[in-house]
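# Examining the three-dimensional arrangement
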Amino acid sequence: MLFWVVRLIGLQQLSLAICWTSDCHSFETSPDFSLQGDYLLAGLFPLHADCLQERRLPQVTFCDRPDSFNGHGYHLFQAMRFAVEEINNSTSLLPHVSLGYELYDVCSPSANVYATLSFLSLPGTRHIEIRGNLSHYSPRVVAVIGPDTTNHAVITAALLSPFLVPLISYEASSTTLSSKQLYPSFLRTIPSDQHQVEVLVLLLQRFGWLWFSLVGSHGDYGQLGVQALEELATQRGMCVAFKAIIPFSARAGDQRMWDMMLHLAQASTTVVVVFSSRQLAGVFFESVILANLTGKVWIGSEDWAISTHVTRMPGIRNIGTVLGVVIKQRLIPGLKEFEEAYARAEKRAPRPCSEGSFCSTNQLCRECQTFGAHEMPALGAFSMSAAYNAYRAVYAVARGLHQLLGCSAGACARDPIYPWQLLQQIYKVNFLLHEDTVAFDDNGGPLPGYSIITWDWSGYNWTFRVIGSSTWSPVQLDLNQTKIQWPGKSQQVPRSVCSLDCLEGYHRVVMGSHRCCFECVPCDAGTFLNKSDLYSCQPCKKEEWAPEGSQTCFPRTEVFLTWQDPISSVLLAANTLLLLLLSGAAVLFAWHLDTPVVRSAGGRLCFLMLAALAAGSCSLYSFFGEPTLPTCLLRQALFSLGFAIFLSCLTIRSFQLLIIFKFSTKVPTFYHAWVQNHGAGLFVMVSSTVQLLICLTWLAVWTPLPTREYELFPQLVVLECTQANSLGFLLATAYNGLLSVSAFACSYLCKELPENYNEAKCVTFSLLLNFVSWITFFTLASLYQDKHLPMINVLAELASLSSGFSGYFLPKCYVIVGRPDLNNTQHFQASIQDYTRRRGST
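About the criteria used
Residues numbered from 1 in each chain as written. Predicted model: local features only at pLDDT ≥ 70, side-chain atom pairs only at ≥ 80, totals over all residues. Heavy atoms only, no water. Helix = DSSP H or I, 4+ residues; strand = E, 2+ residues; numbered from the N terminus. Buried < 20%, exposed > 50% of the residue type's maximum accessible area, 1.4 Å probe, protein only. Contact = heavy atoms within 4.5 Å. Areas by Shrake-Rupley, 256 points an atom, 1.4 Å probe, with all protein chains shown as cover. Pairing = 2+ DSSP bridges. Axes fitted to C-alpha atoms, helices over the stretch in contact; angles between N-to-C directions. 1 Å grid on protein atoms, 1.4 Å probe; cavity = no way out; pocket = protein on both sides within 12 Å on 5 of 7 lines; lining within 4 Å. Points joined across faces, edges and corners; volume = space filled by probe spheres on them. Disulfide = S-S within 2.5 Å. Salt bridge = Lys/Arg side-chain N within 4 Å of Asp/Glu carboxyl O. Parallel < 35°, antiparallel > 145°, perpendicular 65-115°, else oblique. Nonpolar A, V, L, I, M, F, W, Y, C, P; charged D, E, K, R; others polar. Expected span 1.5 Å × (residues − 1). Polar contact = N/O pair within 3.5 Å; in protein donor to acceptor, adjacent residues only side chain to side chain. Patch = residues over 30% accessible without salt bridge, like charges linked within 9 Å, V, L, I, M, F, W, Y side chains within 5 Å.

## What to know about the overall build of the chain
What the chain contains, in helices and strands, is 23 helices and 29 strands. The buried share of the chain, reckoned over its 842 residues, is 51%. Of the contacts made within the chain by residues no fewer than 6 positions apart, 71% connect residues no fewer than 24 positions apart. Summing over all exposed atoms, the chain offers an accessible surface of approximately 38,700 Å²; the carbon and sulfur share of this is 58%.

## Thoughts on the sheet that holds strand S29 (residues 716-721)
Taking strand neighbours across the sheet as the criterion, the three strands line up as S27-S29-S28 in an open arrangement whose pairing is mixed. The open sheet has two edge strands with one neighbour each: strand S27 (557-559) and strand S28 (706-709). Averaged over neighbouring strand pairs, the angle between their axes works out to 25° when direction is ignored.

## Topic: empty space enclosed by the protein
Taken as a whole and assessed by the stated rule, the structure comprises six cavities of 30 Å³ or more. In this structure, the largest cavity spans a volume of roughly 120 Å³. Around the largest cavity, the lining comprises 13 residues; the ones closest to its centre are Glu302, Ile327, Phe382, Ser385 and Ala386. Only strand S14 (320-327) and helix H11 (381-404) provide two or more residues apiece to the lining of the largest cavity.

## Remarks on the state of the cysteines
Summed over the entire model, instances satisfying the criterion amount to nine disulfides. The disulfide bridge from Cys502 ends at Cys520, spanning 2.0 Å between sulfur atoms. Looking down the S-S bond of the Cys502 and Cys520 bridge, the torsion is -85°, so its handedness is left-handed. Here Cys502 is found in the loop between strand S20 (476-479) and strand S21 (506-510), whereas its partner Cys520 is found in strand S22 (residues 518-522), with 18 residues between them in sequence. Relative accessible area serves as the criterion here: at 18%, Cys502 is assigned to the buried category.

## Considerations on the pattern of salt bridges
Taken as a whole and assessed by the stated rule, the structure comprises 15 salt bridges. Asp501 is the partner of Arg508 in a salt bridge, and the nearest nitrogen-oxygen pair spans 3.2 Å. Since its relative accessible area comes to 58%, Asp501 is described here as exposed. A salt bridge links Arg708 to Glu543, with the nearest nitrogen and oxygen atoms 3.0 Å apart. Here Arg708 is found in strand S28, whereas its partner Glu543 is found in the loop between strand S24 (537-539) and strand S25 (544-545), with 165 residues between them in sequence.

## A look at the environment of Asp67
Along the chain, Asp67 falls in the loop between strand S5 (39-45) and helix H1 (71-89). Sequence separation of Asp67 and Ala49 is 18 residues, and the distance between their C-alpha atoms is 8.9 Å.

## Concerning unusual backbone geometry
Backbone geometry follows two general trends: most residues other than glycine have a negative phi, and most peptide bonds adopt the trans configuration. Note that the residue after Gly146, namely Pro147, is joined by a cis bond; omega there is -10°. One non-glycine residue, Leu164, lies in positive phi territory at about 55°. Following the sequence through the fold, Leu164 ends up in the loop between helix H3 (150-160) and strand S8 (167-169). In this structure, His434 takes a positive phi of about 50° despite not being glycine. Summarising the element assignment, His434 is placed in the loop between strand S16 (430-433) and strand S17 (436-439).

## Structural notes on the sheet that holds S5
One open sheet holds the six strands; their spatial order is S4-S6-S5-S7-S8-S9, and the pairing between them is mixed. Bordering the open sheet on either side are strand S4 (34-35) and strand S9 (186-188), each of which pairs with just one other strand. Bridge analysis of S5 against strand S6 (residues 99-105) gives seven bridges, and the strand direction is parallel. When the bridges of S6 are listed, Phe45 appears paired with Asp105. Across the sheet, H11 touches S5, S6, strand S7 (143-145) and S8, and the angle it forms with S7 is around 165°.

## Some details on the side chain of Thr116
Locating Thr116 in the fold gives a position in helix H2 (residues 109-120). Look at Thr116 and you get buried, because its relative accessible area is 0%. Ignoring any residue separated from it by four or fewer positions in sequence, one finds Thr116 in contact with Thr156, Leu159 and Leu160.

## Some remarks on the packing of H11 against helix H12 (residues 419-428)
When two helices pack together, you describe them by how their axes are tilted relative to each other and by the distance separating the axes. Look at H11 against H12: their axes get within 8 Å of each other, and the N-to-C directions meet at 110°. What the angle tells us is that H11 and H12 run roughly perpendicular. The segment H11 lies against H12, with Ala396, Val397, Gly400, Leu401, Gln403 and Leu404 engaging Gln421, Leu422, Gln425, Ile426 and Lys428. Among the residues making up the contact of H11 with H12, the classes are represented as six nonpolar, four polar and one charged.

## Some points on helix H13 (residues 566-591)
Compared with an ideal rise of 1.5 Å per residue, which puts 26 residues at 38 Å, H13 spans 37 Å between its outermost C-alpha atoms and is within 8% of the ideal. The complete set of buried residues in H13 reads Ser568, Leu571, Leu572, Asn575, Leu578, Leu579, Leu582, Ala585, Leu588 and Phe589. Its side-chain oxygen placed 3.0 Å from the backbone nitrogen of Ile567, Asp565 serves as the N-cap of H13.

## A short note on a nonpolar patch on the surface
Side chains of Val509, Met511 and Val521 sit close together on the surface and give an oily, nonpolar patch of about 200 Å² of accessible area. Position of Val509 relative to the elements: it lies in strand S21.

## Concerning the pairing of S17
Here S16 runs beside S17; their pairing, made up of four bridges, is antiparallel. Bridge pairing links Asn430 to Ala439 in S17. The hairpin formed by S16 and S17 contains two residues between the paired strands, and His434 there has a positive phi angle of roughly 50°.

Put into structure tokens, the structure is as follows:
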């Protein structure tokens, strides 16, 4: 935490001394760290490695320490110097205006704060004024390039935010810095880690690596990157088997790193994502080599994926396959020659700070002064990529100045400018720099773009291959997998899953705390597995069905007695034949109405019986086709009523023969009363009316309606009538059963009557067939809920009607047509006389 010691001076003016030591003037400075110009830029670069020692005194860390030179930071340093030189030599970008710079070595937070406070001071003073309105505050510099890490950038961005001094970082990629509420003046030329995380997750998805380990480095870059990657990977259905953070003070081989290697080995994951700074990635991979963790796929973040800090380690080539995400490679034409010219030039010796100057304790690099043409640090791909980001950051500031100073006319105004004005113009820049578009989004970030690389050890030395790239938006990967050398001899893409994928139609049941570890269980019948959710089976719609272990639902088949079904054709043919026989019998009986056979059968009552059977037969047609309200109302009620009328006529006809032959002489009073009061007609009317009332009550109370039944069969929709076996139907059937028993009893009692009046055998047979058919129907209906029940119902009713016709009318039709000699008065009288003689003899 930085404490500012402030002192009230005059009208709300505070001053803060920026000389942190009493002998500031005694320090040395390299002449290459500063350049005079009309407008000054500040640059913050890590020319020396981070100082890891804990500070116990409030003194600025001195960066130029022995054996701490950082070649990567040196290239960034030279890239800014080269960019300023190019811009000053240009006649179109800032004509007649020169840029200057103040460069600082930042190897620690204290050095970073010291440098920031230095260039925030007013020109020619050692103080920073804190005013209520900073709109007209002019610090020594108009913009700042750097620093390198997120930890340093958040300090600098926070200090510059009140003044709205533009800060453009070339390597700080943390998503934290995208917050414009906290860091309104922060921009960067490296994409945010949010984009890097999306590319890493897409890379894992592309190869099906759902089960992986995740390692990050201490600090905002690694820890926030690990957090964001884990969250996004979890949302995409992936699981982190093991997660660890490399401590800031870790050393290869210490106990913490040994424990990390042990847990990493026990995690049994093939893929390890390392989201780390290059310094701590070096410590991590030294430990990997010591622990002999080989045969894995390592996926690297952009900060270390092609860094020689890692690739030069002895034994690193044996760890397995390394894939990485890197910033798209750009070259700075002339940078290498510029560095070589710097190495060949005769450099002035470091000079002491003059009294009253603002030179910093960290504007010194003695090793930079000693470079020869063959001793300078190599400019590798990683350093070139980062140097280009620093290079285009300088050009973005210059383009903002170009717009702010009105340089389009060929000359620039030399008016005083304020940092907040320049910040507004930098946000608006959009230009091409060596065929690369330089622009910033609302969060101050560049247009994102990454390359996907793999390490290549096919030669003697390490190199890398670009195997793909990412595009926005939407985020997509374009990969060439054939360039990847996988671990092992098979050269197959390695698996990294906790559980193998389930078969089609099987859903995942999570075992433990990780969604990627599961058992496979088939979906129940009536459900299916939607690929959008592999962990639960979805129920099919009402009109659909699915067998067990299904991946989709199928339309249910509608079931009813269709007119075209072969069984329906047989039933319809049989019923039509019965109707024709009934019609034929009616015509035959009408033609022979006055013959003894017709009169003995009941005379005109026969037509009522035939009409009742015909009505029942017509009701059978309502069982065919898709049920409707009229057919549901008619199909069973009409049959019950028609058959009740037939049975009533059959019963009363047999009963009437009993009265004539057995009770007319024994009980003459009853016989005469029966005849005079038309007992037969009255019985038929009352009996039929009772059945009619039962049917009307049935239709009113238990109204059969067309319905779609889904519960009986999973794959079928049974189109039927509701209340098919309701209490009304049972009452009507029971009443018909009672009439059948009565007719059976009366017919049986007539077995001793004259031969021409004795139909006991035929009627008994027909009634027994009626009983059997209905007993069979009710048995099947109670035991089975079958789709063929309507067909069985039709068969039962058809059997009842056919048995009634064949048992009663068919023998009489045979006599009328086939034995006309028996259809005369003499034959019937002879039969009665024979019956009388037999009775007399008994």
